[in-house]
Amino acid sequence: MDDEEARTRLLDAAEALFYAEGIQAVGMDRIRAESGVPLKRLYRIFPAKESLVTAYLDRRDRRWMAGLRDAVAGAADPVAAVFDWLAEWFSEPGFRGCAFLNAYGELGAGPAGILDVVRRHKAELRALLAELAGPDRDGLADQLLILVEGATAVAALTPGPAPARHAAEAAATLVRARTGDGDRDRDLDLDLDR
């Protein structure tokens, strides 16, 4: 086994175990056992657990964002396509919510490299939503991000497509409110004191 194969095996094991059981609950020896990579080679490729966690999140970010971008590419309603894609993801066996928020929840502002990956992922997701919302609609992109994140958090507790469907309805209402008059964006008039 060369280093590239060992790296792939280590990342596959880390992704499966960290996502299913949590980062702190899984030690490097468990990663070694699941991957079949000798401990000496593991530590040569990933000198510390932080470097393995960072690499796992980096790879997950690339895959997750590529999947979402593919889902919205060419869609008649790309905002609706986001929530359709989420509904499928929420229905996958073993769904446990957002790996990035899970990592942040476990580790907090701890290791800077890990926090950087989490922040970069969320910024990239927001940038995609801004592209879909259209020019001069940053407020709408922020609202869509909150709907995506909220649906993901709810689905982590109750997996299945329902949270994505409810968020899609709210997103459609927001988009109509923002673009309905055709001349300018409108802010929703919310009575927050009720």
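Placed above this text is the structure.
Residues numbered from 1 in each chain as written. Predicted model: local features only at pLDDT ≥ 70, side-chain atom pairs only at ≥ 80, totals over all residues. Heavy atoms only, no water.

Caption draft 1: Structural view of the nonpolar core. One finds Phe18, Ile31, Leu57, Val82, Phe83, Leu86 and Leu144 to be the most contacted residues of the largest nonpolar core, which totals 58 residues. Apart from residues no more than four positions distant in its own chain, Leu57 is found in contact with Ala99, Phe100, Ala103, Ile114, Val117 and Val118. (Core = buried A, V, L, I, M, F, W, Y, C linked by side-chain atoms within 4.5 Å. Buried < 20%, exposed > 50% of the residue type's maximum accessible area, 1.4 Å probe, protein only. Contact = heavy atoms within 4.5 Å.)

Caption draft 2: Quick peek at the packing of helix H5 (residues 78-90) against helix H8 (residues 138-157). Two elements in contact, H5 and H8, have axes separated by 11 Å at closest approach and are oriented at 15°. In terms of orientation, H5 lies roughly parallel with respect to H8. Handedness of the crossing formed by H5 with H8: right-handed. Where H5 approaches H8, its residues Val79, Val82, Phe83, Leu86, Trp89 and Phe90 are matched on the opposing element by Leu144, Leu147, Val148, Ala151, Thr152 and Ala155. Here the contact of H5 with H8 is built from residues that sort into 11 nonpolar, one polar and no charged. (Axes fitted to C-alpha atoms, helices over the stretch in contact; angles between N-to-C directions. Helix = DSSP H or I, 4+ residues; strand = E, 2+ residues; numbered from the N terminus. Parallel < 35°, antiparallel > 145°, perpendicular 65-115°, else oblique. Left-handed = near helix turned anticlockwise from the far one by under 90°. Nonpolar A, V, L, I, M, F, W, Y, C, P; charged D, E, K, R; others polar.)

All quantities given are derived from atomic positions and should not be read as evidence of function.
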